[in-house]
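The residues making up each chain are set out below.
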Amino acid sequence: MVGCGKENVKSEAQNKSDKLKVLVSFHAMEELVELIGDDKVDVEVVIPEGTEAHDFEPTTKDIKELSKSKLFVYNGLGMEHWVENFLKNSKVEVVEASTNVNTIKNDGVTDPHTWLGLKDAIVELENIKNALIKIDSKNSDYYEKNYENAKQELESVYDEYKTKFDSIENKKFVTGHKAFGYLCREFGLDQVAIQGVFAEGEPSPAKLAELVTYCKDNNIKTVFAEEMGSTKVAETLAREAGAKVETIETFEGEGDYIDGMRENLEKIYKALK
Ligand SMILES: [Zn+2]
C-alpha cells in the first residue's frame, strides 16, 4: 500500500515536470491559457484567488516563480501596473494578451477589461496560442485545435446573445465596477457603474443618491455586483431603488470563463427584457 502511494506521488510529479510552466498575472489569464494549453501546461497565478486584481503588488516569491517559468502571460493596458518592474532583468518569453485588441476608453482612460468582450477574448486566445506554439512547436496541432474549439464556442455564445439583445429595447444595466465596456460594445449595451474602471474607493453619498434616482427613473430592477467587489454598496443601492442584487463575474479572481460569460450574458438579458 505504501509503495503504491509513493509511486503515485512520483508519477504525478513526473507529469507536472513534463508540462510547460506558465506564469500568469491574474485569474482571467489563467482561464484563457488553460483553454489553449489544457493538458500541456502547468499554470501558476501571481495574484492569489480571491484578491482584488486592481490593487496588488507582487512579492519576491512571485519573482522566483517567474524565473522557473517558460512563459509569462499578462493582460496589459494598465491592468497590471506592476508588470514593467516585475519583468525587469527577466529573460522569460512574455505575452501581453490584449495586443491587437481594438481598445476603448472609459472615463478618459483605456479600459483594460478586454477579456470581457467575447471577440476580444478570441484575439487574446490567439496571442496566447501563438506564444505557446513558439516555445513548444512540437505540440502546435494541439494548441491550434484547442484555439479553434474555444473560438467556435465563444462565437456561438456571441451569436446567441447578439440575437437576444438585438430583440430588446432596454439596453441599460447597473453594475459594481465599470468592467463591462467591451461586452457593452459587442452587444450595444450601456453600463452604469457604482465604481470606476479601476474599482477605486466607495462612491460618495451624493453619487449613491444619484444612482438611486437613476435606477428609479430607468425602472432598473437588478443591480449587479461582483463576488469580491462592493457588495454592500450594491445592496444599499438596490434596497433604496427597490431592486434586487444579482452577482456578475469579471473573472479577476475566480470563475470558469466560457460558462461564466454565458451566465453573465443570460443574467443581463433577463434583467433587461
Ligand atoms: Zn476590473
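It should be emphasised that the depicted structure is a prediction, and the values quoted were computed from it without experimental measurement. (Residues numbered from 1 in each chain as written. Predicted model: local features only at pLDDT ≥ 70, side-chain atom pairs only at ≥ 80, totals over all residues. Heavy atoms only, no water.)

**Describing the packing of helix H2 (residues 27–37) against helix H5 (residues 118–135)**
Now for step 1: Two numbers describe how H2 lies on H5: the axes approach to 9 Å, and their chain directions differ by 55°. As judged from the angle between their axes, H2 and H5 are oblique. Two packed elements cross with a definite hand, and for H2 against H5 that hand is right-handed. Here Met29, Leu32, Val33, Leu35, Ile36 and Gly37 of H2 come into contact with H5, specifically with Glu124, Leu125, Ile128, Lys129 and Leu132. (Axes fitted to C-alpha atoms, helices over the stretch in contact; angles between N-to-C directions. Helix = DSSP H or I, 4+ residues; strand = E, 2+ residues; numbered from the N terminus. Parallel < 35°, antiparallel > 145°, perpendicular 65-115°, else oblique. Left-handed = near helix turned anticlockwise from the far one by under 90°. Contact = heavy atoms within 4.5 Å.)

**Observations concerning the environment of aspartate 107**
Now for step 1: With respect to the secondary-structure elements, aspartate 107 resides in the loop between strand E5 (105–106) and strand E6 (109–110).
Now for step 2: You can call aspartate 107 exposed: its relative accessible area is 53%.
Now for step 3: Distance from aspartate 107 to lysine 178, taken between C-alpha atoms, is 9.5 Å for residues 71 residues apart in sequence.
Now for step 4: Side chain to side chain, aspartate 107 and lysine 178 meet in a polar contact 2.9 Å long. (Buried < 20%, exposed > 50% of the residue type's maximum accessible area, 1.4 Å probe, protein only. Polar contact = N/O pair within 3.5 Å; in protein donor to acceptor, adjacent residues only side chain to side chain.)

**Notes on the coordination of the zinc ion**
Now for step 1: Taken together, the protein ligands of the zinc ion are His54 (NE2), His113 (NE2), His177 (NE2) and Glu252 (OE), with distances of 1.9 to 2.1 Å.
Now for step 2: Because the angles between the four donor atoms bound to the zinc ion fall within 100 to 118°, the donor set is best described as tetrahedral.
Now for step 3: By relative accessible area, which is 12% here, histidine 54 ends up buried.
Now for step 4: With a relative accessible area of 2%, glutamate 252 lands in the buried category. (Donors = N, O, S within 2.8 Å, 3.2 Å for Na, K, Ca; no water. Tetrahedral: all angles 85-135°; square planar, octahedral: opposite > 155°, others 65-115°.)

**As for the sheet that holds strand E3 (residues 71–74)**
Now for step 1: As summarised here, the arrangement of the four strands in space is E2-E1-E3-E4, forming an open sheet in which the pairing is parallel. Of all the strands in the sheet, just strand E2 (41–45) and strand E4 (93–96) have a single pairing partner and so form its edges. Sheet twist, expressed as the mean angle between neighbouring strand axes with direction ignored, is 25°.
Now for step 2: In this sheet, E4 lies alongside E3 in parallel orientation, the contact comprising four bridges. (Pairing = 2+ DSSP bridges.)

**So, the packing of aromatic side chains**
Now for step 1: If you walk through the whole model with that rule in mind, you get 13 aromatic pairs.
Now for step 2: Considering the side-chain rings of phenylalanine 72 and phenylalanine 86, the 5.4 Å spacing of their centres and the 55° angle between planes classify their relative orientation as tilted. One end of the pair, phenylalanine 72, is in strand E3; the other, phenylalanine 86, is in helix H4 (residues 83–87), with 14 residues separating them in the sequence. Side by side, phenylalanine 72 and phenylalanine 86 carry an identical accessibility label, which is buried.
Now for step 3: Aromatic pair phenylalanine 165 and phenylalanine 187: ring centres 5.4 Å apart, planes at 55°, arrangement tilted. In this pair, phenylalanine 165 sits in helix H6 (residues 140–166) while phenylalanine 187 sits in helix H7 (residues 181–187), placing the two residues 22 residues apart along the sequence. For the pair formed by phenylalanine 165 and phenylalanine 187, the shared burial category is buried. (Phe/Tyr/Trp six-rings, centres within 6.5 Å; stacked < 30°, edge-to-face > 60°.)

**Section: the confidence of the model for the protein**
Now for step 1: In this model, the protein carries a mean pLDDT of 92, and residues with pLDDT of at least 70 account for 93%.
Now for step 2: Note that pLDDT drops below 50 for residues 1–8; the model gives that stretch zero contacts with residues more than four away or on any other chain. (pLDDT = per-residue confidence, 0-100.)

**A word on the pairing of strand E1 (residues 20–24)**
Now for step 1: For E1, a buried count of five out of five residues is recorded, marking the element as mostly surrounded by other parts of the structure.
Now for step 2: Here E1 shows a buried face lined by Leu20, Val22 and Val24 and a second buried face lined by Lys21 and Leu23.
Now for step 3: Sheet topology note: the E1/E2 ladder contains five bridges and is parallel. Bridging from a neighbouring strand, leucine 23 pairs with glutamate 44 of E2.
Now for step 4: For the segment spanning E1, H2 and E2, crossover handedness is right-handed.
Now for step 5: Here E1 pairs with E3 via three bridges, running parallel. The partner of valine 22 across the bridge, within E3, is leucine 71. (Right-handed = clockwise from strand over helix to strand, strands pointing away.)

**Regarding the pairing of strand E8 (residues 190–195)**
Now for step 1: For E8, the buried fraction is high: five of the six residues fall into the buried class.
Now for step 2: Here five bridges tie strand E7 (residues 172–177) to E8, and the two strands are oriented parallel to one another. Following the sheet pairing, histidine 177 is matched in E8 by glutamine 195.
Now for step 3: A crossover connection joins E7 to the parallel E8 through H7; in handedness this β-α-β unit is right-handed.

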